[in-house]
Amino acid sequence: MRRSTLKDIASLTGLSISGVSRALKDHPDISPDTKEKVKEIAAALHYFPNPSAQLLRSKSSKIIAVILPEVNTFFFPELLQGISKVVEQKGYSLLFLQSDNTLQKEIDLVNYCIQMFVDGVLISVSAETEHAEHLLKLQNLGTPVMMIDRGVPNSSISFLTIDDRETAYEAVDYLIKKGHSHILGIFDDARLHMTCLRSEGFKSAHEANFLELENSQLIMVADDDKIEQSIIALLDKFPYATAIFTMSDKLMIKTCQVLASLGLKIPEDIALISVSDGKAPHYHFPAITHMRHSGEEVGLHAANFLVEMIENKKSKLEVGKIKTTLIELGSV
């Protein structure tokens, strides 16, 4: 079955093609009765506007692409929800793409965005991404780009995130002020810039409080299949530890599972604090004290700023930081 066209509707209404087009767009020069008749025939013929023709006329696809390394059960779904709300409200369509946490697929997806003439791109980069050349290519073609949460340091691409160093510092300093002097740190892939910053915050809190810290008191785990055994090995090495800091919801959940399997109770045997989107901490009893890093809030801010960049209402944002909040629950 071939796709219906404006010409088909025109032949059934006696209007010109331009007249049909104006009727479908509710142009004031077209009478209400004519508009209603044209729309009824368009619906009967299952007519849809040709996006390619629209792109040629308006030079805008009205598409915003989002490239994420993965979609797990924690931060990224909330991020997408925030982005989706803004995109729909502003009259754009959302194109979701997944890089599988690899640089090559990320580059391929950026090239696909160029071919699709998307109006803007929001991206959380892969663990393998150490440069922004492919993103600069997109930006140099006039397509606004913003990195969110996971980015490339010292690039000229806009970047919206939290203050990773300060967030980790505040969490660990809170543990220390609560009387904990032997704290373990569990971190994500060492290739991620956020991991480096959060581990720096972990160390800085110890230094500021004049506490000695062994390098082996913190671990960085890139392989999801090795998280549990890495945590067990860390606890075996430091049986006198009284508190744990985890840099993400995924690591927090894994840590809770390991502690339960070892018969260790939170907070009686060991305290736990994490950086979290804010929902996962309530799945555990007691609920986990955390630095709230809302994926939805980041998505809302990032999408709004990108739309303003697209519509020339704002210039490029170098680095924007969203404040995290300490949420005291029952794990410390």
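Structure first, text after, so check above.
Residues numbered from 1 in each chain as written. Predicted model: local features only at pLDDT ≥ 70, side-chain atom pairs only at ≥ 80, totals over all residues. Heavy atoms only, no water.

Caption draft 1: Representation of helix H3 (residues 32-44) within the structure. Compared with the 18 Å implied by 1.5 Å per residue over 13 residues, the 18 Å span of H3 between its first and last C-alpha is a close match. Taken together, the buried residues of H3 touch helix H1 (6-13) and helix H2 (17-24). One or two residues past the end of H3 sits His-46, with phi positive at roughly 55°. (Helix = DSSP H or I, 4+ residues; strand = E, 2+ residues; numbered from the N terminus. Expected span 1.5 Å × (residues − 1). Contact = heavy atoms within 4.5 Å.)

Caption draft 2: Highlighting the pairing of strand S5 (residues 158-162). Among the five residues in S5, five count as buried, and that is most of the element. Where burial is concerned, the two faces of S5 agree: the one with Ser-158, Leu-160 and Ile-162 and the one with Phe-159 and Thr-161 are both buried. Taken together, the three bridges between strand S4 (residues 145-148) and S5 define a ladder with parallel strand orientation. The residue of S5 that forms the bridge with Ile-148 is Leu-160. (Buried < 20%, exposed > 50% of the residue type's maximum accessible area, 1.4 Å probe, protein only. Pairing = 2+ DSSP bridges.)

Caption draft 3: Quick peek at the nonpolar core. Ranked by size, the top nonpolar core spans 43 residues in total, and within it Leu-235, Ile-244 and Phe-245 carry the most contacts. Those elements that place two or more of their residues in this core are helix H8 (164-177), strand S6 (183-187), helix H9 (193-208), strand S7 (218-220), helix H10 (227-237), strand S8 (243-246), helix H11 (249-261) and strand S9 (271-276). It is H8 that contributes the most residues to this core, six residues altogether. In this view, Leu-235 contacts Leu-184, Ile-244, Val-258, Leu-259, Leu-262 and Ile-270; residues no more than four positions away in its chain are not counted. (Core = buried A, V, L, I, M, F, W, Y, C linked by side-chain atoms within 4.5 Å.)

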